[in-house]
Amino acid sequence: MKPTGTDPRILSLAAEVAKSPEQNVPVVLLKLKEILNNTPLRNSELKKIKQDIYCYDLIQYCLLVLSQDCSRIQGGWTTISQLTQILSHCCVGLEPGEDAEEFYNELLPSAAENFLILGRQLQTCFINAAKGEEKDELLHFFQIVTDSLFWLLGGHVQLIQNVLQSDHFLLLLQTDNVQIGSTVMTMVQNILQINSGDLLRIERKTLHSILDEVIFKLLSTPSPALRSTATKLLLLMVESHQEILILLRLSSCYKGLRSLLNKQEPGTEFSQELRQLIGLLSPKIYQGVEEQKLHQAACLIQAYWKGFQTRKRLKKLPSAVITLQRSFRSKRTKILLKLNRQKEEENRRLQLQLQRQRAMRLSRELRLSMLEIVHPGQVEKHNREIEEKSALIIQKHWRGYRERKNFRQQRPSLTEYKAAVTLQRATLKFLAKCRKKKRLFVPWQGFRELTDARRVELKQQVDDYVRRHPSSQMSDVISKELHSQAQEQLQHYFMGRALEERAQQHREALMAQISTNIEQFMKAPSLKEAEGKEPELFLSRSRPVAAKAKQAHLTTLKHIQAPWWKKLGEEADEIDVPKDELSVELGTLFIGGTKPP
């Protein structure tokens, strides 16, 4: 996808590259150097220009040009060295966007590999060159290529491992030329200063090859500059990684390295670095390194163990929190239940107290109403009856409490008695089974012989039984009479059964009517509160009951309206008031002067 707002210089350059012939493309691509140099560094405009260059595939064109044969490129090594600079500067600081995977996994490794290939070609040309000026020029181009490679690795450190493992890099390092070797080792030293961790990530064989070459140049090269560079590189590798120091100390390949280093000339300019390297390879330093390594290993083990314990605690933390929440909620639920029970008990106590107060108030109201209804001569008798009924109720409750208490006390003995009966029953069943099994397995003894005396005895028993239980002989006439009597009684039963069913249905209808009336009267309001047609609920549909109620009502009114002095000499029996009408405290309903059944 082409970006919007593209720089016109990039657009014109891309169009020119597309229209130009193949041999002129490298020269046209050199215009990118002018565009990059004219753009200020550390500016968002520079990033935008690099993105435009990448989006219009100009970086891919540079990579294709560098992969071609050097003799076919117009301008030769000058053009190539400038294109390497352009390519490295365009790749560093570039944000590819959607094509990031292709850029990091394909383009960058390919660019680094091309730089190493160009370095190999320059190395070959430098060795084969005869003139001094040509060699100096080729060495300058080689330094430009290595600087471009270093710049690319500085911006993308993930390429360092690929470069160190490359066969072209090892071939560059294994050169016998002093200038080329010094340049390559300087580049390696600068790379390790950027990120030395990648040195241990490469293969073991490749690491040994690099160490062998550096040590060879340190011990065998007569050039002091190359030996100085090799010493600094080896010292940097040893100081950066203790594993390399241990390898140089313990490996059989480098057994006499320390003694060979001691034989080097002490007056050289790199003698200080050489003494540091010899000191690092000494046994005391090695012992300290070993102790430090053991200390780091112990710290690493402790870190892993503490991390494991921490992760284990973190895994258990949710269950612990859940358990804590569960216990807290259960405790809170128990407290709430206890509070609710206390509230319920308090409410129940208050309700019982209110019920007792209402019952007491109702009993007093009933007594007052009874004093108004009952004749003064019958008050004592009525009070006596109430006391008797109250005493009976109290006795009933007391006896029930006492019996329940005795039953609770006798329950263990009753349980023991039931257990004993169960055990006896099981034992008797077991013994019966045992006897039955014994009888089953008793050997056959044959029939006993029936003697004459036994035969006479059995006959006498039969005669006695027949004499005690004579057989009932009945004639046909008597049987027919009994049959006819049974038929008459059965017919009489069926005829009377229909009448009894009708009477029972009538009784049930009357009982249902009475129950309905009682429910209506119980739900009806009092006469003081009745309004409209509600008093009609107290009327009875039975004329005898209504007549009796009217007569009783008139008698009561007459007695109430009589002056008090007329009631002084009257006996209690003179007022014909039924006894059942005065039993208001029992909760019955006064209906028309009579009490319902």
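Residues numbered from 1 in each chain as written. Predicted model: local features only at pLDDT ≥ 70, side-chain atom pairs only at ≥ 80, totals over all residues. Heavy atoms only, no water.

## A word on the overall build of the protein
Argument step 1. Of the regular secondary structure elements, the protein holds 21 helices and zero strands.
Argument step 2. A buried classification covers 27% of the 597 residues belonging to the protein.
Argument step 3. Expressed as a percentage of contacts within the protein between residues at least 6 apart in sequence, the contacts between residues at least 24 apart total 73%.
Argument step 4. Accessible area for the protein stands at about 43,000 Å²; split by element, carbon and sulfur atoms hold 56% of it. (Helix = DSSP H or I, 4+ residues; strand = E, 2+ residues; numbered from the N terminus. Buried < 20%, exposed > 50% of the residue type's maximum accessible area, 1.4 Å probe, protein only. Contact = heavy atoms within 4.5 Å. Areas by Shrake-Rupley, 256 points an atom, 1.4 Å probe, with all protein chains shown as cover.)

## Focus: the confidence of the model for the protein
Argument step 1. Summary statistics for the protein give a mean pLDDT of 77 and a share of 81% for residues scoring 70 or more.
Argument step 2. Contacts of residues 571–597 to residues separated by more than four positions or lying in other chains number 38 contacts, the stretch itself having pLDDT below 50. (pLDDT = per-residue confidence, 0-100.)

## Some details on the pattern of salt bridges
Argument step 1. Under the definition given, this model contains five salt bridges.
Argument step 2. Between D452 and R455 there is a salt bridge, and its shortest N-O distance comes to 2.8 Å. Pair noted here: D452 and R455 are both in helix α19 (residues 452–468), with a separation of three residues, about one helical turn.
Argument step 3. For D452, a relative accessible area of 59% translates into the label exposed.
Argument step 4. E501 is the salt-bridge partner of R497, the closest N and O atoms lying 3.6 Å from each other. (Salt bridge = Lys/Arg side-chain N within 4 Å of Asp/Glu carboxyl O.)

## Overview of the side chain of T79
Argument step 1. You can see T79 is positioned in helix α6 (residues 77–91).
Argument step 2. Using a relative accessible area of 5% as the deciding quantity, one classes T79 as buried.
Argument step 3. Look past the residues within four positions of T79 in its chain and what remains in contact with it is P26, L30, I73 and Q74.

## Comments concerning the packing of helix α5 (residues 58–66) against helix α7 (residues 100–128)
Argument step 1. Where α5 meets α7, the axes come as close as 10 Å, and the angle between the chain directions of the two elements is 30°. Here α7 runs roughly parallel to α5, going by the angle between their axes. The two elements α5 and α7 cross, and the hand of that crossing is left-handed. Contact residues: I59, Q60, L63 and L66 in α5; L107, S110, A111, N114, F115 and L118 in α7.
Argument step 2. Taken together, the residues that form the contact of α5 with α7 break down as seven nonpolar, three polar and no charged. (Axes fitted to C-alpha atoms, helices over the stretch in contact; angles between N-to-C directions. Parallel < 35°, antiparallel > 145°, perpendicular 65-115°, else oblique. Left-handed = near helix turned anticlockwise from the far one by under 90°. Nonpolar A, V, L, I, M, F, W, Y, C, P; charged D, E, K, R; others polar.)

## A look at empty space enclosed by the protein
Argument step 1. The tally for this structure, following the rule as stated, stands at one cavity of 30 Å³ or more.
Argument step 2. Lining the largest cavity we find F115, L116, G119, F142, V145, T146, L149 and L172.
Argument step 3. When contributions to the lining of the largest cavity are tallied by element, the ones reaching two or more residues are α7 and α8 (132–155).
Argument step 4. The element contributing the most residues to the lining of the largest cavity is α8, with four residues. (1 Å grid on protein atoms, 1.4 Å probe; cavity = no way out; pocket = protein on both sides within 12 Å on 5 of 7 lines; lining within 4 Å. Points joined across faces, edges and corners; volume = space filled by probe spheres on them.)

## Description of α8
An α-helical segment advances 3.6 residues per turn. Residues three or four places apart therefore align on the same side.
Argument step 1. With 24 residues, α8 ought to run about 34 Å at 1.5 Å a step, and its terminal C-alpha atoms sit 35 Å apart, in line with that.
Argument step 2. Looking at the packing, one finds that the buried side of α8 touches α6, α7, α9 (160–164), α10 (167–173) and α11 (178–194). (Expected span 1.5 Å × (residues − 1).)

## Re the side chain of N114
Argument step 1. Considering the arrangement of structural elements, one finds N114 in helix α7.
Argument step 2. What makes N114 buried here is its relative accessible area of 11%.
Argument step 3. With residues up to four places along the chain from it excluded, the contact list for N114 reads L63 and S67.

## Overview of a negative patch on the surface
Argument step 1. Among the surface-exposed residues, D57, E98, D99, E101, E102 and E106 lie close enough to one another that they form a single negatively charged patch.
Argument step 2. Mapped onto the elements of the fold, D99 is located in the loop between α6 and α7.
Argument step 3. According to the relative accessible area criterion, D99 is partly exposed, its value standing at 38%. (Patch = residues over 30% accessible without salt bridge, like charges linked within 9 Å, V, L, I, M, F, W, Y side chains within 5 Å. Lys, Arg positive; Asp, Glu negative; His and termini not counted. Charge placed at Lys NZ, Arg CZ, Asp CG, Glu CD.)

## As for the packing of aromatic side chains
Argument step 1. Summed over all chains, the structure comprises three aromatic pairs.
Argument step 2. Seen in terms of ring centroids, W398 and Y401 are 5.7 Å apart; in terms of plane orientation they differ by 40°. Their pairing is tilted. Placement of the pair is W398 and Y401 together in helix α18 (residues 379–440), with a separation of three residues, close to one helical turn.
Argument step 3. The partly exposed category is assigned to Y401, whose relative accessible area is 38%. (Phe/Tyr/Trp six-rings, centres within 6.5 Å; stacked < 30°, edge-to-face > 60°.)

## Quick word on the nonpolar core
Argument step 1. Core analysis: the largest hydrophobic core is formed by 83 residues, its most contacted members being L29, L32, I53, L58, I59, L87 and F169.
Argument step 2. It is α7 that contributes the most residues to this core, 10 residues altogether.
Argument step 3. In contact with L58, other than residues within four places in its own chain, are I10, L13, A14, V17, L29, L32 and I53. (Core = buried A, V, L, I, M, F, W, Y, C linked by side-chain atoms within 4.5 Å.)

## Concerning the packing of helix α1 (residues 8–19) against helix α3 (residues 31–38)
Argument step 1. Running from N to C, α1 and α3 point in directions that differ by 170°, and their axes come no closer than 11 Å. Between α1 and α3, the interaxial angle falls into the category roughly antiparallel. Where α1 abuts α3, its residues R9, I10, L13 and E16 lie against K31, L32, I35 and N38.
Argument step 2. Of the residues assigned to the contact of α1 with α3, the class counts are four nonpolar, one polar and three charged.

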